[in-house]
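Below are the chains, spelled out letter by letter.
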Amino acid sequence: MTDPTIHANDLPAFAERHIGPDDGQIAEMLATIGRSSLDDLTETAVPAAIRATRAMAIEPADSEFAVVEELRGLAARNQVLTSMIGLGYYGTITPAVIQRNVLENPAWYTAYTPYQPEISQGRLEALLNFQTVVSDLTGLNTAGASLLDEATAAAEAMTLMRRSSKAASESVLLVDEAIFPQTLAVMQTRALPLGIEIVVADLSSVTTGEALVAAAGGRDVFGVLVQYPDLHGRVRDHRALADAAHEAGALVTAAADLMALTLATAPGEWGADIAVGTTQRFGVPMGFGGPHAGYMSVRAGLERTLPGRLVGVSVDVTGAPAYRLALQTREQHIRREKATSNICTAQVLLAVMASMYAVYHGPRGLRAIALRTHAHATALVAALRKGGFDVADEAVFDTLSVRVPGRADDIVQAALAEHTNVWRHDSDTVLISVDETTDLHDLDKVCRAFGVDAPSEVAIAEPAWDGALLRTSDYLTHPVFTSHHSETSMLRYLRRLSDRDFALDRGMIPLGSCTMKLNATTEMLAITWPEFANLHPFAPLDQTEGIRHLVSELEQWLCDITGYDAVSLQPNAGSQGEFAGLLAIAAYHRSQGQGERTVCLIPASAHGTNAASAVMAGMKVVVVKTDVITGNVDMDDLKTKVEEHREDLAAIMVTYPSTHGVFEDTITDLCAMVHDAGGQVYVDGANLNALVGLAQPGRFGADVSHLNLHKTFCIPHGGGGPGVGPVACREHLAPFLPNHPLDPEAGPETGVGPISAAPYGSAGILPISWAYVRLMGAAGLRRATEVAVLNANYVAARLRDHYPVLYSGEGGLVAHECILDVRPLTKETGVSVDDIAKRLIDYGFHAPTMSFPVAGTLMVEPTESEDKLELDRFCDAMIAIREEIEAVGAAGNAATSVLRGAPHTAVSLVGDWDVDYSRQDAAFPKGVDPLAKYWPPVRRIDGAYGDRHLVCSCPPPEAFED
């Protein structure tokens with residue numbers, strides 16, 4: 001026994017809020033599974049060799065109120081000055097109707113990635129709006145449903161151009177020198193393991209193919225990337241550059257500011273093939289660097305190479321238009337190491353906010369904001385020039401580059417005295433960016449810092465740019481962008497969309513490998529406080545003491561929880577944490593003079609991101625078999641593969657507990673075998689919710705893991721992002737964690753470079769996980785894990801006689817999730833996992849994970865937050881569906897059954913009824929409370945139709961006419 005039994009009265013008060021079952025329910029569930037206590041359960045389920053031998057040293061707060069007060073204290077240690085730093089991060093005004101009804105609304109932030117489109121139509125429409133905004137403003141045909149940030153979007157564009165170009169393999173990427181520094185650094189991090197060479201040059205005078213090759217040092221070019229407007233604020237005509245690139249067989253990417261594109265010629269109109277960027281200034285606070293929705297759009301012909309999610313329009317079985325995720329066959333969960341990217345989800349909640357900012361303001365409102373911003377920049381240019389300062393005489397949108405030979409440091413300090421941050425580009429140059437929050441008072445402060453007279457007024461006028469730079473094309477012409485400008489209309493539109501979706505605020509989401517647990521309101525409070533929300537990621541260190549202390553404390557807690565020695569919070573998704581961990585392994589091998597170690601072993605049951613991340617890190621994937629009976633890693637095959645690759649083995653990536661929902665008792669042997677061959681062990685932290693307080697990967701043999709703060713540590717999934725995927729490692733890998741060129745404290749000097757645009761990634765949501773850990777303390781965290789394991793075993797016990805539980809471990813126990821095998825039923829009756837998943841909607845549930853990691857199965861993860869009543873409601877629904885399957889088997893009518901007809905909408909009940917089951921059975925099956933009924937807005941969706949007829953922007957209203 002590693003710890004005495006913890007009783008409810010030994011737990012912090014918040015644990016009773018977070019954990020669903022009370023002591024009485026726990027006792028009943030333990031009796032059902034035949035265990036005497038939670039200790040008896042976990043000591044049987046968790047192998048003795050990996051159990052933690054010491055308790056965590058994390059003290060809980062006294063109360064939720066006390067945690068809020070602590071956060072207030074940390075917030076007070078931050079200084080929010082007027083930010084004119086720019087570099088892709090700007091002040092913005094979040095409309096209150098969007099903050100309250102999207103960002104702070106659990107109907108939006110507790111939803112999951114819309115894999116079940118019938119119950120995700122609201123956020124799918126919002127994402128389609130987002131795609132339309134990006135596509136219209138960039139002038140390119142197809143936009144994705146968000147990426148992680150601008151820098152990673154640029155890195156994805158780099159690899160997309162490499163895949164799509166027919167240029168020779170030794171060709172280079174040519175990047176204009178006036179790119180944001182963090183974007184260039186992230187691209188360089190990504191390029192190195194892939195063998196891509198980046199050449200940085202001044203491309204302002206490149207107008208021919210010959211000049212392009214010359215700028216690249218005489219080498220062929222596969223891609224060109226320019227910032228638009230650039231680092232110095234300049235809006236330049238890139239038509240000749242684009243023509244030259246295309247003449248040389250290269251593709252062109254514009255890293256473009258969407259607000260500027262309301263005034264400037266769209267990249268697609270001057271020849272760009274791809275546009276990337278961020279939508280941060282569309283109403284999403286800076287948040288010390290994130291989260292924000294990055295974007296990518298592409299010209300026709302490149303849409304099937306897009307990374308990440310893509311929302312498209314299809315039809316349901318009645319022919320009604322409906323939305324769903326499109327072209328999923330190109331994604332990592334299907335193509336694994338051959339995927340276009342390792343991106344799993346992105347920044348849906350922030351993309352929804354940005355899209356609604358565009359809906360609320362409309363094209364006229366966005367243009368007015370852009371004109372006002374530009375006018376303030378123009379007024380500041382005039383004032384500085386009048387005062388004798390050298391400001392470049394070129395078209396600018398919102399950023400000024402001011403030459404101050406030898407005085408940049410003095411100007412920065414003078415601005416600080418005015419409570420304003422400007423950017424020191426070098427000792428002779430200061431950059432100043434204005435935004436929608438800038439007013440005359442702000443201009444006055446800047447002018448005092450420079451010692452010049454401030455403008456007395458700001459005249460709003462059209463930009464005085466060359467005609468080739470001015471936008472003449474329309475944008476956001478769909479009615480949705482001109483229909484909701486009053487708050488009344490906007491409020492109702494948001495409510496209408498959220499009502500179409502099923503999120504945690506409605507009921508349990510038992511998705512295996514997803515950990516859809518409570519996102520407590522207290523944990524969410526601080527993210528909108530201006531002391532956190534309005535911090536620029538490159539603000540001076542002494543202005544960000546509070547958030548840095550929070551980051552440091554959270555890192556220490558995560559080390560205590562995992563048994564590792566160091567943590568980086570920079571990765572802004574689990575996929576990026578994987579990438580960072582593998583880069584650390586590769587760098588470590590190089591430091592040991594063993595750069596030839598490039599083979600990564602991955603079990604066949606692994607999540608697709610593992611293989612995709614390994615390829616991105618420059619590794620070769622070798623698959624290890626899993627035992628068909630137990631689901632465990634096939635140790636004989638592992639031994640064979642290890643011996644075969646003893647000289648070039650870099651690592652093994654293994655999920656623990658396994659993706660099959662079992663505590664494998666061979667994990668320590670696996671670690672020892674790989675270490676003996678000189679490899680490193682990467683334990684995927686996706687299932688850490690089954691380990692916290694019970695076992696520590698860093699102590700049972702792992703060298704590195706990524707964690708998912710959006711799973712185990714309560715950051716909400718947001719409908720498909722944001723997430724945070726910290727990378728945690730042992731001491732020998734710590735020198736190779738991510739760092740950042742603009743923040744010396746954000747990682748070791750010997751690090752692998754940045755993998756996210758901001759030094760601490762999505763720092764704006766770290767207070768959520770900090771609050772969760774602080775509220776729970778060591779005892780609460782351990783109890784949460786125990787109950788997560790209990791709940792999964794209770795579900796398995798109740799359903800085992802109805803659906804075979806595919807894999808189990810010691811004593812017939814599972815870990816925190818279980819896999820229900822539907823394949824025998826499908827073979828006997830024709831009823832598929834899809835049929836069960838859609839029928840669960842009629843019963844008021846989100847389906848479990850379908851066909852992962854085993855095709856034809858359902859993986860259930862109830863988490864610790866669901867009480868016995870909700871678990872029983874789910875189990876009762878599954879048992880009732882099993883009875884329906886029995887009836888189908890007896891009648892042989894799967895194709896016309898209530899299961900195949902599911903889900904049923906309210907509209908379907910009032911139309912013609914030519915099926916052999918009743919309306920009552922369709923909509924109100926056994927156990928469904930009519931007063932709590934969730935009605936899906938559409939019937940079952942035809943995904944294949946949507947892929948054959950690809951539409952990825954807002955369809956005309958006529959498409960929805962009856």
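In this text the structure is predicted, and so the values were computed from the model without any measurement.

**Overview of the overall build of the chain**
Scanning the chain from N- to C-terminus turns up 32 helices and 26 strands. Rg of the C-alpha trace for the chain: 28 Å, near the compact-globule value of 30 Å for 962 residues, within the 12% margin. A principal-axis box enclosing the C-alpha atoms of the chain has dimensions of 85 × 70 × 60 Å. For the chain, contacts bridging at least 24 residues in sequence account for 76% of all contacts bridging at least 6. With an accessible surface of roughly 31900 Å², the chain has 49% of that area assigned to carbon and sulfur atoms. The chain carries 72 positive and 119 negative side-chain charges, and their two centres are separated by 3 Å.

**Things to note about the sheet that holds strand β12 (residues 399-403)**
With antiparallel pairing, four strands are arranged side by side in an open sheet as β11-β12-β15-β14. Of all the strands in the sheet, the pair left with one neighbour each is β11 (390-391) and β14 (423-426). Alignment of β14 against strand β15 (residues 429-433), held across three bridges, turns out to be antiparallel. Across the sheet, residue D426 finds its bridge partner in β15, namely T429. The strands that helix α14 (residues 348-386) touches are β11, β12 and β15; relative to β12, the one it contacts most, it runs at about 15 degrees. Along the sheet, helix α15 (residues 408-417) contacts β14 and β15; its crossing angle with β14, the most-contacted strand, is approximately 175 degrees.

**Regarding the state of the cysteines**
Applying the stated criterion across every chain yields a total of zero disulfides. Left unpaired, C559 is separated from the closest cysteine sulfur, that of C729, by 8.1 Å. Residue C559 is classed as buried on the basis of its relative accessible area of 14%. As a non-bridged cysteine, C875 has C818 as the owner of its nearest cysteine sulfur, 8.5 Å distant. By relative accessible area, C875 is classed as buried at 0%.

**Some points on the packing of helix α5 (residues 96-103) against α14**
In a packed pair of helices, the relevant descriptors are the angle between the two axes and the axis-to-axis distance. The interhelical angle for the contact between α5 and α14, taken along N-to-C directions, is 145 degrees, at an axis separation of 10 Å. Of the two elements, α5 crosses α14, and the hand of that crossing is right-handed. Of α14, the residues touching α5 (which contributes V97, I98, V102 and L103) are L349, V352, M353, M356, Y357 and Y360. Residues that form the contact of α5 with α14 fall into these classes: 10 nonpolar, no polar and no charged.

**Notes on the pattern of salt bridges**
Oppositely charged side chains can pair when the atoms bearing their charge come close. In total, this model carries 45 salt bridges according to the counting rule given. For R548, the salt bridge identified is with D743, shortest N-O distance 2.7 Å. With R548 in helix α20 (residues 545-562) and D743 in the loop between β22 (727-729) and α25 (766-799), this pair connects stretches of sequence that are 195 residues apart. Note on accessibility: R548 and D743 belong to one class, buried. Linked through salt bridges whose partners overlap, the residues forming this network are E28, R798, K868, D872 and D876.

**Some details on the environment of S908**
Counting through the fold element by element, S908 comes out in helix α30 (residues 906-910). Spatially, the C-alpha atom of S908 lies 54 Å from that of I58, the residues being 850 residues apart in sequence. Every residue in contact with S908, bar those within four places of it in the chain, is listed here: W913 and R939. At 2.6 Å, the side chain of S908 forms a polar contact with the backbone oxygen of T905.

**Concerning the nonpolar core**
One finds V224, F282, M356, I836 and F874 to be the most contacted residues of the largest nonpolar core, which totals 218 residues. If one sorts the elements of this core by residue count, α25 sits on top with 19 residues. Apart from residues no more than four positions distant in its own chain, F874 is found in contact with M508, P510, V795, L799, L840, F845, P848 and V860.

**Quick word on the packing of aromatic side chains**
The geometry of an aromatic ring pair is captured by two quantities: the separation of the ring centres and the angle between the planes. Per the stated rule, a full pass over the model turns up 17 aromatic pairs. On the numbers, 6.3 Å between centres and 20 degrees between planes, the contact of W529 with F532 is stacked. Judged by its relative accessible area of 2%, F532 is buried. One aromatic cluster is present, built from ring pairs that chain together Y89, W423 and F538. We note K933 situated over the ring of W935; from NZ or CZ to the ring centre the distance is 4.9 Å.

**Thoughts on the sheet that holds strand β9 (residues 311-316)**
One open sheet holds the three strands; their spatial order is β10-β9-β26, and the pairing between them is antiparallel. A single partner strand is all that each edge strand has here, and the edge strands are β10 (321-325) and β26 (941-942). Sheet strands touched by helix α7 (residues 121-138): β9, β10 and β26. Its angle to β10, the strand with the most contacts, is close to 80 degrees.

**Points about the side chain of E150**
Following the sequence through the fold, E150 ends up in helix α8 (residues 150-164). Of the side chains bearing the opposite charge, R281 lies closest to the buried E150, which forms no salt bridge; the N-O distance is 9.0 Å. When near neighbours in sequence (up to four residues on either side) are disregarded, E150 contacts F180, T183, Q227, A255, G277, T278 and G294.

**Notes on the side chain of T863**
Within the fold, T863 resides in the loop between β25 (857-860) and α28 (868-891). At 3.2 Å, the side chain of T863 and the backbone nitrogen of S865 are in polar contact. In this structure, T863 is in contact with T515, M516, K517, A788 and N791, ignoring residues within four places of it in sequence.

**Concerning the confidence of the model for the chain**
On average, the chain scores 95 in pLDDT, and the residues at 70 or more come to 97%. The low-confidence segment residues 1-6 (pLDDT under 50) makes 16 contacts with residues lying over four places distant or belonging to another chain. Within the model, the stretch residues 330-334 combines pLDDT values under 50 with 29 contacts to residues more than four positions away or in other chains.

**With respect to helix α16 (residues 440-450)**
Taken as a whole, α16 has its buried residues at D442, L443, K445, V446, C447, A449 and F450. Buried positions along α16 lie against β1 (82-83), α14, β12, α15, β13 (420-421) and β15. Its side-chain oxygen placed 3.1 Å from the backbone nitrogen of H441, D439 serves as the N-cap of α16. G451, located one to two residues past α16, shows a positive phi value of around 75 degrees.

**Examining helix α11 (residues 239-247)**
The set of residues buried in α11 consists of L241, A242, A244 and A245. Burial along α11 is one-sided: seen end-on, the buried residues are contained in an arc of 160 degrees. Those residues of α11 that are exposed and aimed more than 90 degrees away from the buried face are D243 and E247. Contacts made by the buried residues of α11 are with α10 (209-215), β5 (221-228), β6 (251-256) and α12 (267-270). In the stretch just after α11, G249 is the one whose phi turns positive, near 80 degrees.

**A look at the environment of E457**
If you trace the backbone, E457 turns up in the loop between α16 and α17 (487-499). For the pair formed by E457 and A370, sequence separation is 87 residues and the distance between their alpha carbons is 17 Å.

**Regarding the environment of A944**
Mapped onto the elements of the fold, A944 is located in helix α32 (residues 943-948). With relative accessibility at 43%, the residue A944 sits in the partly exposed group.

**A closer look at the packing of helix α21 (residues 574-591) against helix α22 (residues 608-616)**
Viewed as axis vectors pointing N to C, α21 and α22 meet at an angle of 45 degrees, and their least axial separation amounts to 9 Å. As the angle between them shows, α21 and α22 are arranged oblique. Crossing hand, α21 versus α22: right-handed. Facing α21, whose interface residues are S575, E578, F579 and L582, α22 presents T609, N610, S613, A614 and M616.

Cut-off values and rules
Residues numbered from 1 in each chain as written. Predicted model: local features only at pLDDT ≥ 70, side-chain atom pairs only at ≥ 80, totals over all residues. Heavy atoms only, no water. Helix = DSSP H or I, 4+ residues; strand = E, 2+ residues; numbered from the N terminus. Rg over C-alpha atoms; globule rule 2.2 N^0.38 Å. Contact = heavy atoms within 4.5 Å. Areas by Shrake-Rupley, 256 points an atom, 1.4 Å probe, with all protein chains shown as cover. Lys, Arg positive; Asp, Glu negative; His and termini not counted. Charge placed at Lys NZ, Arg CZ, Asp CG, Glu CD. Pairing = 2+ DSSP bridges. Axes fitted to C-alpha atoms, helices over the stretch in contact; angles between N-to-C directions. Disulfide = S-S within 2.5 Å. Buried < 20%, exposed > 50% of the residue type's maximum accessible area, 1.4 Å probe, protein only. Left-handed = near helix turned anticlockwise from the far one by under 90°. Nonpolar A, V, L, I, M, F, W, Y, C, P; charged D, E, K, R; others polar. Salt bridge = Lys/Arg side-chain N within 4 Å of Asp/Glu carboxyl O. Polar contact = N/O pair within 3.5 Å; in protein donor to acceptor, adjacent residues only side chain to side chain. Core = buried A, V, L, I, M, F, W, Y, C linked by side-chain atoms within 4.5 Å. Phe/Tyr/Trp six-rings, centres within 6.5 Å; stacked < 30°, edge-to-face > 60°. Lys NZ or Arg CZ within 6 Å of the ring centre and 35° of its normal. pLDDT = per-residue confidence, 0-100. Arc of directions from axis to C-beta. Parallel < 35°, antiparallel > 145°, perpendicular 65-115°, else oblique.

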